[in-house]
Amino acid sequence: MANTENELMLRMHGIKKAFGDNEVLKGIDLTVACGEVLAIIGPSGSGKSTLLRCINRLEEIDGGSIEIEGEFLAVTNEAGEAEYVGAKKSRELLSRMGMVFQQFNLFPHMTVLENLLEAPIHVKGLKREEVLPVAQELLAKVGLTGRENSYPSELSGGQQQRVAIARALAMKPDIMLFDEPTSALDPELTGEVLKTMKELAAERMTMVVVTHEMAFAREAASHVIFMEGGHIVEQGEPQAFFTNPREERTRAFLQNML
Amino acid sequence: MDKLLDTVLQMLEGSQITLEIFCVTLVLALPLGMLVALGRLSPVRPLSRLLELYIWLMRGTPLMLQLLFVYFALPMVGIRLPDIVAALLAFTLNYAAYFAEIFRAGISSVPKGQYEAAKTLGMSYPLTMRRIIFPQVFRIVLPPVSNETINLVKDTSLVYILAMNDLLRVARTIVQREFDMTPFFIAAVFYLVMTAALTWGFKKLEAHYGKY
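Predicted, not measured: the structure shown is a model, and the values here were computed from it. All chains use their own residue numbering, which begins from 1 and follows the written sequence. Throughout, the order in which chains and ligands are written sets their labels, letters from A for the former and numbers from 1 for the latter. Only residues with pLDDT of 70 or above have their local features reported here, since the model is predicted, and side-chain atom pairs are shown and tallied only from 80 upward, although totals for entire chains, interfaces and linings are computed over all residues. Hydrogens and waters are ignored; side-chain quantities use all the structure's heavy atoms.

Visitor: Sorry, what's going on with the sheet that holds strand E8 (residues 175-179) of chain A here?
Guide: In sheet architecture, strand pairing relies on hydrogen bonds along the backbone and comes in two forms, parallel and antiparallel. Residue and element names in this part refer to chain A. For two strands to be treated as a pair, DSSP must find at least two bridges joining them. Segments assigned H or I by DSSP are reported as helices when at least four residues long, segments assigned E as strands when at least two residues long, and all are numbered from the N terminus. Ordered by their spatial adjacency, six strands build an open sheet running E7-E8-E9-E3-E10-E11, and the pairing between neighbours is mixed. Edge positions in the sheet fall to strand E7 (97-100) and strand E11 (231-236), since each has one partner strand and no second. On average, each strand axis in the sheet is tilted by 15 degrees relative to the strand beside it, whichever way the strands run. Where E7 and E8 come together, four bridges link them in parallel fashion. Of the residues in E8, the one forming a bridge with valine 100 is phenylalanine 178. The angle between two axes is taken between their N-to-C directions and runs from 0 to 180 degrees, where each axis is a line fitted to C-alpha atoms and a helix contributes only its stretch in contact.

Now the structure itself:
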């Protein structure tokens, strides 16, 4: 899909989500333009992971609307309830997004290469010969050439996460979602994953990243959102956000993190 | 020597019934158990509860009683089945219940993240189950399924109460006729050979699927 710069990739408006009586998202608005890297930060339980999971329908919103590249995934009807588009359209819209999880979630019974080939072959119906060069190229990109036939259990956490990134990219998504991609890693392994993500950002991949890595947010993000208690407390360009936060809460949080 | 050979030949014939019940039960009960497991895990409450009741009945009563029920009680309500079919019905229903619980535990032990990863890659539910979940379940359930399968070899001997000439019944008939205990030893060897073959086969499978 050809996208001109600044074209809107994702718009969320008035997002509400509750688990039982627990209101996790209390009306979130955000937009992500093409090529933009949005970093979402905030304390545990602030709703940031839930917000990310609402984007690709791993969680369903209770109210608000979600628009992907100008097309609605969910809208709120007159009764105030969120309504999703039909199954076929929903699948099509969701296929434009890839996701990387905190726990990697690689398929343990498949080799690295099989993990990458699985969805292109069995979901898109592509031929193995067509996907193979793409997969090899992606593995080279994440620095794992030569590990094609390893099983995930034979790799370090950092390597597994890089495979997970390559697996998501193999479906050629327009938007990449990252849910705390380095939180399950030893400190010395987070660097290699962040490096891969920075390279991706440099290639103008549109990314939404929930993270605790302030250095990454500061260096690689084009926009930062600070969430707490289901609200967006503050947002802005990383430079201004990190050097001169307006809100007292943001300042306190950043002090703890840095 | 001729007498021994004759005994062994008769018992080989008896072991055909044993093997037939074993193989057919396995071929029917494994897929049925998988369906029951999926039904147990389904969000459709009445279906899940009904299957829970079925599993409770099958695991809560002796297989011997279930055999007698199919063989003697069903004809009273007008359902008459050939001996072998009655035996296979009872065995399949009983073993499917055990397999269902093994599969249910296996499916439940695959982390939720596997379903989510598959979903974000655009995989449908059937595709996810076939390509991602079942292969992992298969590895998890191999040891308990191996156990149940070995139990099944020995449980087949229960059909002797239905007057079917399986391995054990043939042995007992010869023992009673000849006042010679040898057939019991031969029967033991037959069962041991069968369970040894299974143990070896499952060991190979576990080694094959243990590579990751």
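Visitor: Sorry, what's going on with the nonpolar core here?
Guide: Residues belong to a common nonpolar core when they are buried Ala, Val, Leu, Ile, Met, Phe, Trp, Tyr or Cys residues joined through side-chain atoms within 4.5 Å. Relative accessibility thresholds used throughout: buried, under 20% of the residue-type maximum; exposed, over 50%; partly exposed, between the two (1.4 Å probe, protein chains only). Counting residues in hydrophobic clusters, the biggest one holds 99 residues, and the most contacted among them are Leu10, Met12, Leu30, Ile66 and Val208 of chain A together with Met11 of chain B. Ranked by the residues each element gives to this core, the list is headed by helix H4 (residues 83-108) of chain B, at 13 residues.

Visitor: What should I look at first to understand the pattern of salt bridges in this one?
Guide: Once the charged atoms of two side chains with opposite charge are near each other, the side chains can pair. Residue and element names in this part refer to chain A. The salt bridge definition used is simple: a Lys or Arg side-chain nitrogen within 4 Å of an Asp or Glu carboxyl oxygen. All chains considered together, the criterion is met by 24 salt bridges over all chains. The partner of arginine 53 in a salt bridge is glutamate 59, and the shortest N-O contact between them spans 3.1 Å. Across this residue pair, the class does not change: arginine 53 and glutamate 59 are buried. For glutamate 248, the salt bridge is made with arginine 251, and the minimal N-O distance between the two is 3.3 Å. In this pair, glutamate 248 and arginine 251 both sit in helix H9 (residues 248-257), three residues apart, roughly one turn of the helix. Several salt bridges share partner residues, and in doing so they unite Glu69, Glu71, Lys89, Glu92 and Arg96 into one network.

Geometric descriptors of this kind do not, in isolation, establish any biological role.
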